[in-house]
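Remarks on the overall topology
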Amino acid sequence: MELDYWKWAWYIFQWMLSLYIYSLFKDNKYYINQDKDVTNEFKTFRDNILKFKNKCCYKFWDNLNLKIEIMLEWEEKCFEDINLLSTWSIPNQDNYIFIQVKTKWWDNATITKHDWILKAIKNFLANINFQKNKNDNNYLFIIFTNSKLSKLVNTINTHHIDFYISILNEIIKDNNNRKNTKNSNYPNNFLNLIWTNSTLTENLILELLYKNIYDLDINKYNKLYSKDYIEKLNLLIKDIELIVNNLHIVKSIKFDILEEELINIYNDNFYKLQNYFQKLSVNKDKIYKINKDFEIYKNFLFTYFSAKWWWKYINELDSISRWKFVNLD
């Protein structure tokens, strides 16, 4: 099989990854090769995939494969590129594993904090299902990359002050530019980092990170920031912290290894599945309440499936067009 790695390469990688995740969680035929006689690249692939699967199962139990549904999405607001949804015994709550796919296609490419990871975090923050559920601990955030990561990205979960300074103004700018997903509870104005103000701003960020806002002496910052601004900054910092604490980056998932594994798993049936996943990834045909496929959506009563004309649950909708569950039955 020969694919055009340059034209729509990110899209090809995304649907391949969707099929691989299906095989990993839903198809009992597949297991990850544990033999020692494999290439170093495959060992890296295998180890990173196993970490991803273990992370998901640790969060949502070993029998996750019996619970999840896989949904593909190509538009912001409610979901991400690939979404694993499951129901839970806790009332009024669904579970989410939100996956974004970030790719680079030239030799020795490295994913850095600014080119893809920052964008991913901004999108996670704007996800309305995260915002609705952020205090319920019922979500994971996953970023899949086909390349290695810079040292800054590898230390993203250290909560270093430089990371927060670099990301806060970017998120404030991005939030101000948004329309449907703008969060009015975030600050409108950038951080004041000019001259001696930078030290005071750093101290404020650190205090908001590690203390309760009600234990802070806000007066020492009021020359730079109002009480309202500090409260909004606190919310933004806490939201970023929630995402970072629940973020797992799956790196170095090489295209050729992914392709080879899928062909080995499905043999001649791979091409049929290829066609299915490609079409599903861009399918905007409506599924109405009376259609059989609509039944899958009705399992998730506490999930926002529409951001148009305010946020809507599935029982408030007569049809679905944008987001499609994988259904190979």
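Everything numeric here is computed off the predicted structure, so don't read it as measured data.

At a closest axis distance of 11 Å, the pairing of helix α7 (residues 161-177) and helix α9 (residues 227-245) adopts a crossing angle of 110°. Between α7 and α9, the interaxial angle falls into the category roughly perpendicular. Regarding α7 and α9, the two cross each other, and that crossing is right-handed. Between α7, through Phe 163, Tyr 164, Ile 167, Leu 168, Ile 171 and Ile 172, and α9, the contact on the second element is made entirely by Tyr 229, Leu 233, Leu 236, Ile 237, Ile 240, Glu 241 and Val 244. Of the residues belonging to the contact of α7 with α9, the class tally is 12 nonpolar, no polar and 1 charged.

At a closest axis distance of 10 Å, the pairing of α7 and helix α8 (residues 197-210) adopts a crossing angle of 105°. When the axes of α7 and α8 are compared, the pair comes out roughly perpendicular. Counted together, Ile 161, Tyr 164, Ile 165 and Leu 168 of α7 and Glu 202, Ile 205, Leu 206 and Leu 209 of α8 form the full contact between these two elements. Residues that form the contact of α7 with α8 fall into these classes: 7 nonpolar, no polar and 1 charged.

This part covers the confidence of the model for the protein chain. In the predicted model, the protein chain carries a mean pLDDT of 85, and the fraction of residues at 70 or more is 89%. By mean pLDDT, strand β4 (residues 110-111) is the weakest element of the protein chain at 58, and α9 is the strongest at 95. Here residues 1-8 is a poorly scored stretch, pLDDT under 50, and it has 19 contacts once near neighbours within four places are set aside; other chains count.

The subject of this paragraph is the pairing of strand β1 (residues 69-72). Bridge count between β1 and strand β2 (residues 82-87): 4 bridges; the pairing is antiparallel. Bridge pairing in β2 places Met 71 opposite Asn 83. Examined bridge by bridge, β1 and strand β12 (residues 324-325) share 2 bridges and lie antiparallel to one another. The residue of β12 that forms the bridge with Leu 72 is Lys 324.

With 21 residues, helix α2 (residues 40-60) should cover 30 Å at 1.5 Å per step; its first-to-last C-alpha distance of 30 Å lies within 8% of that length. Of all the residues in α2, the buried ones are Phe 42, Phe 45, Arg 46, Asn 48, Ile 49, Phe 52, Cys 56, Cys 57, Lys 59 and Phe 60. Trp 61 lies just past α2 and shows a positive phi near 80°.

We now examine the environment of Lys 254. With respect to the helices, strands and loops of the structure, Lys 254 is situated in the loop between β7 (247-250) and α10 (255-266). With 210 residues separating them in the primary sequence, Lys 254 and Thr 44 have C-alpha atoms 9.4 Å apart. Ignoring sequence-local partners within four residues, the contact set of Lys 254 consists of Glu 41, Phe 45 and Asn 146.

Residue position: Asn 315 is located in the loop between β10 (312-313) and β11 (319-320). Judged by its relative accessible area of 54%, Asn 315 falls in the exposed class. Once the C-alpha coordinates of Asn 315 and Phe 300 are considered, the two residues, 15 residues apart in sequence, prove to be 9.4 Å apart.

Definitions and limits used
Residues numbered from 1 in each chain as written. Predicted model: local features only at pLDDT ≥ 70, side-chain atom pairs only at ≥ 80, totals over all residues. Heavy atoms only, no water. Axes fitted to C-alpha atoms, helices over the stretch in contact; angles between N-to-C directions. Helix = DSSP H or I, 4+ residues; strand = E, 2+ residues; numbered from the N terminus. Parallel < 35°, antiparallel > 145°, perpendicular 65-115°, else oblique. Left-handed = near helix turned anticlockwise from the far one by under 90°. Contact = heavy atoms within 4.5 Å. Nonpolar A, V, L, I, M, F, W, Y, C, P; charged D, E, K, R; others polar. pLDDT = per-residue confidence, 0-100. Pairing = 2+ DSSP bridges. Expected span 1.5 Å × (residues − 1). Buried < 20%, exposed > 50% of the residue type's maximum accessible area, 1.4 Å probe, protein only.

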